[in-house]
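The residues making up each chain are set out below.
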Amino acid sequence: MAEKFDVVDVIKVKRDGGELSPEEISWVIDAYTRGVVGDEQMAALNMAIFIRGMNRREIVDWTQAMIDSGETMSFASLSKPTTDKHSTGGVGDKITLPLGPLVSSYGVAVPQLSGRGLGHTGGTLDKLESIPGWQADVPNDRLMQILEDSGAVVAAAGAGLAPADKKIYALRDITSTVDCIPLIASSIMSKKIAEGTSSLVLDVKVGSGAFMKDLNQARELARTMVDLGNDAGVNTRALLTDMSTPLGLTIGNALEVRESVEVLAGGGPADVVELTCELARNMLELAGVHDADVEQALKDGRAMDSWKKMIRAQGGDPDAALPVAPHTHDVVAQADGYLTKLDALALGVGSWRLGAGRARKDDPVQATAGIEIFAKPGDKVAKGQKLLTLHTETPDKFERALESIEPGIEIGDTAPTAEREIILDRVS
């Protein structure tokens, strides 16, 4: 059967700054998924989109074509409303772990189809897999049953959801076309719309440890994704949140699970609690639950009960001891003064080099590797005081990790004047 279009013509339209028609977009995504369009041709088209951009109609059509490349899910059979959260990825961003159980404790289903970490940003599945027995792969019928019974699931997205996105994302990763707003927005939203949730809150990170370093760029990405969601019938809003400094006091896998459990027990670092509660309020509002006292649900044990149910439902033991790294190394302050900078990217790369992340998607990760943080920007520190503890199973990794971490720490004579704001803006 003859193909409807010639891929070279489609690439040329975008290369020359033209607008791709709905038919061209639908055909090229389908042909690439079928293997008719080659990787080198899709790479050329991605680069043309990176340089020339896309208008709103093209982004909507591109997203829909990726959804149409695979199966879609529906939660219409559940007796409760559904809501989800997606973060664009950061350092120490363990928010999904306490958030799902907190929201589900209000009788709302939270189907969180998550991914693994790549590069310096951690993956939710990698974190949860440090819990003995916990399984990421959940068949669809079991997923529905867990959502009906206990309300929250964190599972690996099935290969059938937006398969075109999986192929295109792998290509973007190796052709320097990752940080392109139309491609980021359509990648995230094709999976979320195909997943079938009725409402969605986006956590768009801004700062050195995020995709988006610049607030205006992040705002544009948030606006694009919110419009895509709402156009597709998914009630969507976004928060823009700070990722210049790591979230909380841990980076890694088992270390972040431990901190998440502290939050669920009514404690934990203030920034993690603030962001968890703010996202929970927004998710519950979109699901029709107004004026929820989410702070109280963390304090009175309801959220912890939901967490234990969620972990047990996926084969994990919530009461089992988490694994601990056999090797540690302390990083101490080199002078008296105030900690003025603790750079998220520097620590994210350091944690990755310790073994907490992966360079290629098939790399193994160490459950125990990562960083504990003992001071945050604004804190007064003394020379020789412990700032960080590095954890790994392979001590020869310390040297490379320190090469990244040490330049990200700055100590000055005066305290920073402005207090860190976690929530920078909202888009609805």
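Here the structure is a predicted model, which means the values were calculated and not measured.

Counting its secondary structure elements, the protein contains 16 helices and 13 strands. The C-alpha radius of gyration of the protein comes to 22 Å, within 12% of the 22 Å expected for a compact globule of 428 residues. Across the 428 residues of the protein, 55% fall into the buried class. When contacts within the protein are restricted to residue pairs at least 6 apart in sequence, long-range pairs at least 24 apart make up 79% of them. A total accessible area of about 17400 Å² is found for the protein, and carbon and sulfur atoms account for 49% of it. Positive and negative side-chain charges in the protein, numbering 44 and 63 respectively, have mean positions lying 0 Å apart.

Time to look at the pattern of salt bridges. Side chains that differ in sign of charge can pair as their charged atoms come close. Summed over all chains, the structure comprises 32 salt bridges. When the shortest N-O distance is used, the salt bridge between Asp93 and Lys205 registers 3.9 Å. One end of the pair, Asp93, is in the loop between strand 1 (84-87) and helix 5 (96-104); the other, Lys205, is in strand 4 (residues 199-206), with 112 residues separating them in the sequence. Asp93 sits in the buried class, given a relative accessible area of 9%.

Turning to the nonpolar core, a few remarks are in order. The nonpolar side chains of a soluble globular protein tend to be buried with one another. Judged by nonpolar contacts, the single largest core of 68 residues is most densely connected at Trp307, Leu347, Ile371, Leu388 and Leu390. The dominant element in this core, judged by the number of residues it contributes, is helix 12 (residues 270-286), at 9 residues. Excluding residues that lie within four positions of it along the chain, Leu390 makes contacts with His327, Thr328, His329, Val331, Leu354, Gly370, Ile371, Phe398, Leu402 and Ile405. Formed by 61 residues, the second largest nonpolar core is a distinct cluster that contains Ala194, Leu202, Met225 and Ala238.

With that out of the way, let us pick up the packing of aromatic side chains. Under the definition given, this model contains 1 aromatic pair. Pairing Phe5 with Trp27 gives two aromatic rings, centres 5.9 Å apart and planes at 55 degrees, and the pair type is tilted. Taken together, the positions of Phe5 in the segment before helix 1 (7-15) and Trp27 in helix 2 (residues 22-34) put the pair 22 residues apart, joining distant regions of the chain. Phe5 sits in the partly exposed class, given a relative accessible area of 25%. Among the residues examined, Trp27 registers a relative accessible area of 8% and is labelled buried. The ring centre of Phe374 lies 4.4 Å from the NZ or CZ of Lys386, which sits over that ring.

Let us now look at the environment of Val331. Relative to the elements of secondary structure, Val331 occurs in strand 7 (residues 327-332). Setting aside residues up to four positions removed in sequence, Val331 forms contacts with Gln385, Lys386, Leu387, Leu388, Leu390, Leu402 and Ile409.

What follows concerns the sheet that holds strand 10 (residues 380-381). Taking strand neighbours across the sheet as the criterion, the 3 strands line up as 10-8-12 in an open arrangement whose pairing is antiparallel. Two strands in the sheet have a free side with no partner beyond their single neighbour: strand 10 and strand 12 (409-412).

On to the sheet that holds strand 7. In space, the 4 strands of this open sheet follow the order 6-9-11-7, with antiparallel pairing throughout. Every interior strand has two partners, whereas the edge strands, strand 6 (250-252) and strand 7, have only one. Each neighbouring strand pair of the sheet contributes to a mean axis angle of 15 degrees, computed without reference to strand direction. Relative to strand 11 (residues 386-392), strand 9 (residues 370-373) runs antiparallel, the two sharing 4 bridges. Looking at the pairing, Glu372 lines up with Thr389 of strand 11. Contacting strand 6, strand 9 and strand 11, helix 15 (residues 344-356) runs over the sheet at an angle of about 135 degrees to strand 9.

Together, Met47, Phe50 and Ile51 line one region of the surface with nonpolar side chains, adding up to about 270 Å² of accessible area. Its location among the elements puts Ile51 in helix 3 (residues 39-52). The class for Ile51 is exposed, based on a relative accessible area of 62%.

This brings us to the pairing of strand 4. Within strand 4, 8 of the 8 residues are buried, leaving the element largely enclosed by the surrounding structure. Burial along strand 4 is two-sided: the face carrying Ser199, Val201, Asp203 and Lys205 and the face carrying Leu200, Leu202, Val204 and Val206 are both buried. Direction of pairing for strand 1 relative to strand 4: parallel, over a ladder of 4 bridges. Bridged to Asp84 within strand 4 is Leu200. Where strand 4 meets strand 5 (residues 235-242), 8 bridges bridge the pair, whose relative direction is parallel. Paired with Val201 across the strands is Arg237, a residue of strand 5.

Glancing now at the packing of helix 2 against helix 8 (residues 163-174). When two helices pack together, their arrangement is given by the angle between the helix axes and by the axis-to-axis distance. At a minimum axis distance of 9 Å, the contact between helix 2 and helix 8 shows a crossing angle of 85 degrees. Classified by the interaxial angle, the pair formed by helix 2 and helix 8 is roughly perpendicular. Along the contact surface, helix 2 presents Ile29, Tyr32 and Thr33, while helix 8 presents Ala164, Lys167, Ile168 and Leu171. Here the contact of helix 2 with helix 8 is built from residues that sort into 5 nonpolar, 1 polar and 1 charged.

Between the first and last C-alpha of helix 9 (residues 181-195) there are 21 Å, a value that for 15 residues agrees with the 21 Å anticipated at 1.5 Å per step. Of all 15 residues in helix 9, 14 are buried, a share of seventy percent or more. Of the residues one or two after helix 9, Gly196 is the one with positive phi, at around 90 degrees.

Judged by how many residues are buried, helix 5 sits mostly within the fold: 9 of 9 residues are covered. Inspection of helix 5 places Thr96, Leu97, Pro98, Leu99, Gly100, Pro101, Leu102, Val103 and Ser104 among the buried residues, and these make up the whole buried set.

Our focus in this paragraph is the environment of Glu406. Topologically, Glu406 is positioned in the loop between helix 16 (398-405) and strand 12. When the C-alpha positions of Glu406 and Phe75 are compared, they lie 47 Å apart, and in sequence the two are 331 residues distant.

Within the secondary structure layout, Asn253 lies in the loop between strand 6 and helix 11 (254-264). Separated by 3.2 Å, the side chain of Asn253 and the backbone oxygen of Gln366 make a polar contact.

Reading the values: rules and limits
- All residue numbers refer to position in the chain's written sequence, counted from 1.
- In view of the model being predicted, local features appear only for residues whose pLDDT reaches at least 70, and side-chain atom pairs are presented and counted only at 80 or more, with totals across whole chains, interfaces and linings using the full set of residues.
- Just so you know, side-chain values use all the structure's heavy atoms and leave hydrogens and water out.
- Where helices and strands are cited, they refer to DSSP runs of H or I of at least four residues and of E of at least two residues respectively, numbered from the N terminus.
- To get the radius of gyration, use the C-alpha atoms; to get the globule rule, take the number of residues to the power 0.38 and multiply by 2.2 Å.
- Between buried and exposed lies partly exposed: a residue is buried under 20% and exposed over 50% of the maximum accessible area for its type, with that area taken using a 1.4 Å probe on protein chains only.
- Contacts: residue pairs with any heavy atoms within 4.5 Å of one another.
- Note that accessible areas follow from Shrake-Rupley with a 1.4 Å probe, and for residues the cover is restricted to the protein chains shown.
- Counted as positive: Lys and Arg. Counted as negative: Asp and Glu, with His and the chain ends omitted from the count.
- Every charge is mapped onto a representative atom, which is NZ of Lys, CZ of Arg, CG of Asp or CD of Glu.
- We count a salt bridge whenever a side-chain nitrogen from Lys or Arg sits within 4 Å of a carboxyl oxygen from Asp or Glu.
- Nonpolar cores were defined as sets of buried Ala, Val, Leu, Ile, Met, Phe, Trp, Tyr and Cys residues, with membership established by side-chain atoms within 4.5 Å.
- Within 6.5 Å between ring centres, the rings of Phe, Tyr and Trp (the latter by its six-membered ring) count as paired, and their orientation is classed by plane angle as stacked under 30 degrees, edge-to-face over 60, tilted in between.
- Here, over-ring charges are defined by two tests on the NZ atom of lysine or the CZ atom of arginine: distance to the ring centre within 6 Å, and angle to the ring normal within 35 degrees.
- DSSP-based pairing: two strands are paired if at least 2 bridges between them are found.
- Only the stretch in contact is used when fitting a helix axis, every axis being a line fitted to C-alpha atoms; angles between N-to-C directions are given from 0 to 180 degrees.
- Patch definition: residues with relative accessible area over 30% and no salt bridge; like charges joined within 9 Å; nonpolar side chains (Val, Leu, Ile, Met, Phe, Trp, Tyr) joined within 5 Å.
- Oblique is the label for any angle not under 35 degrees, not over 145, and not in the 65 to 115 range, which are roughly parallel, roughly antiparallel and roughly perpendicular in turn.
- For this classification, Asp, Glu, Lys and Arg are treated as charged, while Ala, Val, Leu, Ile, Met, Phe, Trp, Tyr, Cys and Pro are nonpolar and the rest, including Gly, are polar.
- What a helix should span is 1.5 Å times the count of its residues minus one.
- Within 3.5 Å is the distance limit for a polar contact, defined as a pair of N or O atoms, with the added protein rule that one can donate a hydrogen and the other accept it, and that residues adjacent in sequence qualify only through two side-chain atoms.

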